[in-house]
Amino acid sequence: MNADSLMKKTVRQIILTAICTLLTVIAFSQIKSAVVSGKVVDDNENPLANVSVTILGQSKATFTNDSGYFRLTVTANKAFALIFSYAGRNTQQKNFLLNEGEEETITIRLEKGEKTLEEVIVTDQRDRREAGLIKPNPKTIINLPSAVTGVESLIKIFVGSNNELTSQYSVRGGSYDENLIYVNDFEIFRPYLVRSGQQEGLSFINPEMVKGISFYNGGFQAKYGDKLSSVLDIQYKKPKKFGGSAYVSILEQGLQVEGVNKNSKFSYLLGIRNRSNRNLLSSQETKGNYVPSSADFQALLAYQFNPKWSAELLSNISQTKFSLIPQESQLTTSVFSPVFSATIGVDIYFEGREKDEYQTNMLGFSLINQPTKKLKLKWMASRFENDEKENVDIIGAYLFGERDFDKRNPTYGLIVNPLGAGVYQNWARNELNVENWNLSHKGFYDQGKHAFQWGVGYDKAKINDKLNEWEFQDSAGYALPYQPNMLRLNKVIKSSAALDINKFSGYIQDNILLGNDSSHSATLTAGVRFNYNSLNGEFLISPRIGASWSPNWKRDIIFRVAAGAYNQPPFYRELRRYDGSINTALKSQKSWQGVAGFDYNFIGINGRPMRWTTEAYYKSMTDVVPYDVDNVRIRYFGENNAKAYAAGIEMRLHGELVPDAESWISLGIMKTAEDINGDHYYRYKNAAGEFINSQSTDQTITDSARFDVGWLRRPQDRRITFGMYFSDYLPTNKNFKMYLNLLYGSNMPYNIPNAVRYRNAAVIEPYIRADIGFSALLMDDDRAKRRSHSPFRNFDNIWASLEVFNIIDRPNTISYLFVKDFSNTVYLLPNRLTPRLINFKIVARW
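Along every chain, residues carry numbers that run from 1 in the direction the sequence is written. The model is predicted, so local features are restricted to residues of pLDDT at least 70 and side-chain atom pairs to those at 80 or more, both for listing and for counting; the totals for chains, interfaces and linings are taken over all residues. Remark: hydrogens and water are excluded; side-chain values derive from all non-hydrogen atoms of the structure.

A.B. asks: So what exactly am I meant to see when it comes to the overall build of the protein here?
C.D. replies: Under the DSSP-based scheme used, a helix requires at least four consecutive residues in state H or I and a strand at least two consecutive residues in state E, with every element numbered from the N terminus. Broken down by element type, the protein carries five helices and 45 strands. Contacts spanning at least 24 positions in sequence make up 67% of the contacts within the protein whose residues lie at least 6 apart. In the structure as shown, the protein presents an accessible area of about 39800 Å², 56% of it carried by carbon and sulfur atoms. In this analysis, two residues are considered to be in contact whenever any of their non-hydrogen atoms come within 4.5 Å of each other. In short, Shrake-Rupley with a 1.4 Å probe defines the accessible areas, and a residue's cover is counted only from the protein chains shown.

Structure, rendered in C-alpha cells:
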C-alpha cells in the first residue's frame, strides 16, 4: 500500500469518526431533561441521611447527603415516580411529569413505621434446607384472582388443580384425603359427605388471620402426622397493636379485627366471613334455583401470664347450607368415528330438590411454657366436630340424541334425531357426625448444634352415620338393570355405623448442624414416629431422615435430600366399601418415599433476586386402597388390594420479575399408576368364535376369554402441571396493579365406577384456567391529607379490584354423565365447570 492510499484511508477514518461523534453529541442533545431536588426529613423535621431515592422500575439509587438533600436529573415530558425508602420508616412514592428544563424542589417526610419495600432475599435458611418446603407470602392471598379465596388457591399454583370450586387439592398423585392441615399446631378436618365443589363452603383457614404458611409437598419430617402426601402448616397472627381489615365482593365478605390490652398481656384476633356461590353457579349447565351459603366465625385469644408462661384459645364455628331446585340441563358433546360424526346432546328436565347442611365446631386450648431460651414446652387439648346432613330427592326425565347446531333451522339447539329416552331418580337421606378429641404435648430443646423435638398425642374419634340412598333408572320403558316381571333399583346403599377409635402417636427427632460455618455447612434431620390405631390393632413405626448441604461455592446453592416411611391409618371414607358396608379390619396404606433436589438463589437478568427450586421424587406404596373420583366425592374400594407408585420432578421459580411485585412459576412432570390384585374380566364368544355382549339375548354363549388388567393410571394421574402467579403495575404508578393466575393440567383418567373392564376407559381433557385481576389504590396511608372528621381518617389504605374469572371462557370438564341409547350403547356427556365471570372487590385496612 502506497503513501497516498494510506493517507486517503486515514482521512476517511477521521471523517467517519468525526461524523459519529457529532451524531452522538446531537443525539444526546436531543434528550430533554429536568431536575428534581429536595430534602428528606423525619417526624421532627430533622434531616435524614442515606435515604434511598429510586426511580420506579430502575435498580440504581441516589442517596441523600448528611443534610438530607438530594438532586436527581430525569427525563422531561415523561411521567415517572420516585421511591423514598429508609430502614424503619414508611416508604413514600411521589409521581412527576416535568417540562424541559424545569426544576422542582420538594420536601419528603418519612414517618416511623414498618411499611418498607421488601426484598425477595431469603434470610431464613430453614425453608431452603428442608425438602419439599414452600413458604409463600400470605399477603398474596387476598390479591390472588380465584373463584375461591383462600390459602388453598395459592397452594394450587404449586400442585395443580382440576376444579376451581373446591378448596381441596391433590399432591403428587395422591387423593384429597392424603393431606394434613394444621392451624397453630391443631389438626383440622374437612367435611366428608361433600359430593361436588358446588356444595363446599368456606375453607377453615381465614386468609386475613394468617401470619405464616409452611407447605410441604413431600419428604416432611417426623414431627408431622401420618398422611401420605403433604402438610399445610398455618400460623395465625400474634397482634401487637389494634388493627383490622374488611373486604366486600360479589362472592364473599369478611371482617377481621385484632388488638391488645393496655399492658399487652392479652391479645385478640377475630374473623368473620360470609360467602355465597349463587352468582358463580347460576351460569352452569344445570339451570335452577341455587341457594348456597356459608358463614364462619374464628377467634384466637392469647394471654401472657409472665415471660415464661402463656396460653392460647382457638375457636371456630362454621355452617354451610346448599339448596338446589333444578329445572333443566342441556349437555352436549361431539362424537367422531370412522363411520360417522355427530353432535350428541341430552336434555334433562327435573323435579324435586337437594338440601345439604354441614356444621363444623372447633375449640382448642394450648399452654406454653418456656423455662429457658433453649427449652420450650407446649400442652394442647382440642375438640373438633363435623355434623353433616344430605337430603336429595330429584327426578330427571331425559331425551338423548343428535342436537341441531345449524342456526338457519327452526330446530336449532333441539334434539332432532332421538337415540334414547328415560327417567332416573336419585334419593338420599344421609347423616354423619364425627367427633375428634385430642390431648397432646410437644417440646423443643436447643443444644447448640442439636435441636431436639418430641411429641406425644392421644386422639379419640367417634363416628356415627346413617346412609340411606338409592338410584332408579328407566331407559326406553325398562328399569335398569332389566329383569322381567321385577322392578329393580340401579343402586342401593343402606347402612349405619357407630365407631369409637382410640389413636396414640408420638415422635422424636434431632436437627443437627454439621460444620462451624452456618452459611456453608451441612444439616442432618433424623427422627422416628409411631402410631397405634385401636380400630384394626395396628402399630406402625415410621423412620424419616433428611439432609442438606451448602457448598462453599460462588453460587448460592443448597442441595437437599429426604427419605422415610409415610403411613396413613384408615379413617371414615377409606373404611366404606362401594356397597356401604364398613371394613374395620382395613390396614394402613404404606409408602416409602425419597426426595432429592436443590435450591438456587441468583440475580436475574432484571437485576432482581430470584430463586429456583427443583426436586425429583419417588413413592412406592403398598396396601393401597383403590378409589374412584366423581367431582370431589371419593369412593373407596374398602380393601387393601393394590400396590402403586408415583414418580416425577417439580421445578419452581420465585422472585420479582418486576421490582416489588412477587411472582411464582411452577412446573411438574409426574406419572402415577396402580395394580389392583386380581383385577380381570371376561369376554364371551358365540358359536362362531366372535366376541358378543354378555347381556345379548339373541345369541348363545359358547366360550369365554379372561383378560388381566395389570397396571393402570391412578385417578389423579396428571403427567404435566403448570401454575403461574404473576403481578405487575403501571411503570409510572404502583397504585395500579395487575394479578394473573394461570393453571394448566394435562388430561386425567376417568373410571366408570365399580367396573373393572372400564377402568381408565375415559379421559378428562386438560384443565386450562386463567383468572386476572386489576387493583387500584383508592386511599393511601398519608393521613396528613385527611380531614379530622373524615370517617376514613384511621384507615391505612383502601383498594378496589376488578376480577375476571376464566378469562378465556374454557369449558373445563369435571366428570361425566353416562347415557345409554336404544341399542344399549353407552355415551359419556361431560359435566362442565364454571364459565367466564366478573367479580368486584373492595379491601380496606386500618
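A.B. asks: I keep staring at the pairing of strand 9 (residues 179-183) and nothing clicks. Help me out?
C.D. replies: Put simply, side chains in a regular strand alternate between the two faces of the sheet. In this scheme, a residue with accessible area under 20% of its type's maximum is buried, one over 50% is exposed, and one in between is partly exposed, where area comes from a 1.4 Å probe on protein chains only. For strand 9, the buried fraction is high: five of the five residues fall into the buried class. Alternating positions in strand 9 separate into two faces, Asn179, Ile181 and Val183 on one and Leu180 and Tyr182 on the other, with burial throughout. Note: strand 9 against strand 10 (residues 186-187), two bridges, orientation antiparallel. Each residue of the ladder has a partner; that of Val183, found in strand 10, is Phe186. Hairpin remark: strand 9 followed by strand 10, antiparallel, with two residues in the connecting loop; positive phi at Asn184, about 50°. Strands qualify as paired when DSSP identifies two bridges or more between them.

A.B. asks: How do you make sense of the pattern of salt bridges when you look at a structure like this?
C.D. replies: For side chains bearing opposite charge, pairing can occur when the charged atoms are close. Salt bridges are counted wherever a side-chain nitrogen of Lys or Arg sits within 4 Å of a carboxyl oxygen of Asp or Glu. Inspection of every chain in the model, using the stated rule, returns 36 salt bridges. In this structure, the salt-bridge partner of Asp406 is Arg408, at a minimum N-O distance of 2.9 Å. The shortest N-O distance in the salt bridge between Glu650 and Arg652 comes to 3.6 Å. Accessibility assignment for this pair places Glu650 and Arg652 in one class, buried. In the salt-bridge network here, residues are joined through shared partners; they are Arg172, Arg560, Glu615, Glu650 and Arg652.

A.B. asks: Help me understand the confidence of the model for the protein, please; the structure alone is not making it clear to me.
C.D. replies: Low pLDDT means the predicted atomic positions in that stretch should not be read closely. Taken over all residues, the pLDDT of the protein has a mean of 85, while the share at 70 or more is 88%. Of the regions scoring below 50 in pLDDT, residues 5-11 engages in one contact with residues more than four places distant in sequence or in other chains. For residues 13-31, every residue scores under 50 in pLDDT, and the model assigns this stretch zero contacts once sequence neighbours within four places are set aside. pLDDT expresses how confident the predictor is about each individual residue, on a scale running from 0 to 100.

A.B. asks: What exactly am I supposed to notice about the sheet that holds strand 6 (residues 89-96) here?
C.D. replies: With respect to topology, four strands assemble into an open sheet ordered 3-2-5-6, the strand pairing being antiparallel. Each edge of the open sheet carries a strand with a single partner, namely strand 3 (61-63) and strand 6. Across the sheet, the axes of successive neighbouring strands diverge by a mean angle of 25°, strand direction being ignored. Judged from the four bridges that link them, strand 2 (residues 52-55) and strand 5 (residues 80-86) form a sheet pairing that is antiparallel. Looking at the pairing, Ile55 lines up with Leu82 of strand 5. For helices, the fitted axis covers only the stretch in contact; all axes are lines through C-alpha atoms, and the angles between them, taken along N-to-C directions, range from 0 to 180 degrees.

A.B. asks: It is not clear to me how the pairing of strand 2 should be interpreted in this structure. Could you clarify?
C.D. replies: Side-chain alternation along strand 2 places Ser52 and Thr54 on one buried face and Val53 and Ile55 on a second face that is also buried. Where strand 2 lies against strand 3, three bridges are found, and the strand directions are antiparallel. Across the sheet, residue Thr54 finds its bridge partner in strand 3, namely Ala61.

A.B. asks: Whenever I open this one, a nonpolar patch on the surface confuses me. Can you help?
C.D. replies: The residues that make up patches have over 30% relative accessible area and no salt bridge, and they are joined within 9 Å when like-charged or within 5 Å when they are Val, Leu, Ile, Met, Phe, Trp or Tyr. Together, Ile250, Phe774, Leu802, Ile838, Phe840 and Ile842 give the surface a local cluster of nonpolar side chains, amounting to about 520 Å² of exposed area. No other element matches strand 45 (residues 837-845), which puts three residues into the nonpolar patch. Position of Leu802 among the secondary structure elements: in strand 42 (residues 797-805). The class of Leu802 is partly exposed, set by a relative accessible area of 39%.

A.B. asks: What is the right way to look at unusual backbone geometry in this model?
C.D. replies: In most cases, non-glycine residues show a negative phi, while peptide bonds are predominantly trans. Of note, the phi angle at Asn806 is positive, near 50°, even though the residue is not glycine. Tracing the backbone through its elements, the reader meets Asn806 in the loop between strand 42 and strand 43 (813-820). In this structure Asn806 comes out as buried when scored by relative accessible area, which is 0%. Backbone geometry places Asp809, a non-glycine residue, at a positive phi of 55°. With respect to the element layout, Asp809 can be found in the loop between strand 42 and strand 43.

A.B. asks: I'm lost on the sheet that holds strand 9 in this one. Help?
C.D. replies: Hydrogen bonds along the backbone pair up the strands of a sheet, which may run parallel or antiparallel. Strand order in the open sheet formed by five strands is 8-11-12-9-10, with mixed pairing between adjacent strands. Whereas interior strands pair on both sides, the edge strands pair on one side only; in this sheet they are strand 8 (133-134) and strand 10. Across five bridges, strand 9 lies against strand 12 (residues 230-236) in parallel orientation. By the bridge assignment for strand 12, Val183 is matched with Ile234.

A.B. asks: Teacher, can you tell me more about the side chain of Lys227 here?
C.D. replies: By the secondary structure assignment, Lys227 is in the loop between strand 11 (210-216) and strand 12. Look at Lys227: it is buried, it has no salt bridge, and the nearest opposite charge is Glu187 at 5.3 Å. Identification of polar contacts relies on pairs of N or O atoms within 3.5 Å, with a donor-acceptor requirement for protein atoms, meaning one able to donate a hydrogen and the other able to accept it, and with residues adjacent in sequence counted only if both atoms are side-chain atoms. A distance of 3.1 Å separates a polar side-chain atom of Lys227 from the backbone oxygen of Asp177. Charge counting treats Lys and Arg as positive and Asp and Glu as negative, with His and both chain ends excluded.

A.B. asks: What am I meant to see in the nonpolar core here?
C.D. replies: The tendency in soluble globular proteins is for nonpolar side chains to be buried as a group. Here, nonpolar core refers to any group of buried Ala, Val, Leu, Ile, Met, Phe, Trp, Tyr and Cys residues whose side-chain atoms link them within 4.5 Å. Residues Val151, Ile205, Leu232, Ile234 and Tyr236 are the most contacted members of the largest nonpolar core, which totals 58 residues. For this core, the element with the highest residue contribution is helix 3 (residues 151-159), accounting for six residues. With sequence-adjacent residues up to four places away left out, Tyr236 is seen in contact with Val183, Asn184, Phe204, Ile205, Asn206, Met209, Val210, Lys211, Leu269, Gln298, Leu300 and Leu314.

A.B. asks: Looking at this structure, how should I read a positive patch on the surface?
C.D. replies: On the surface, a cluster of positive charge is made up of Lys211, Lys238, Lys240 and Lys376. Along the chain, Lys240 falls in the loop between strand 12 and strand 13 (243-249). Where a charge lies is defined by one atom per residue type: Lys uses NZ, Arg uses CZ, Asp uses CG and Glu uses CD.

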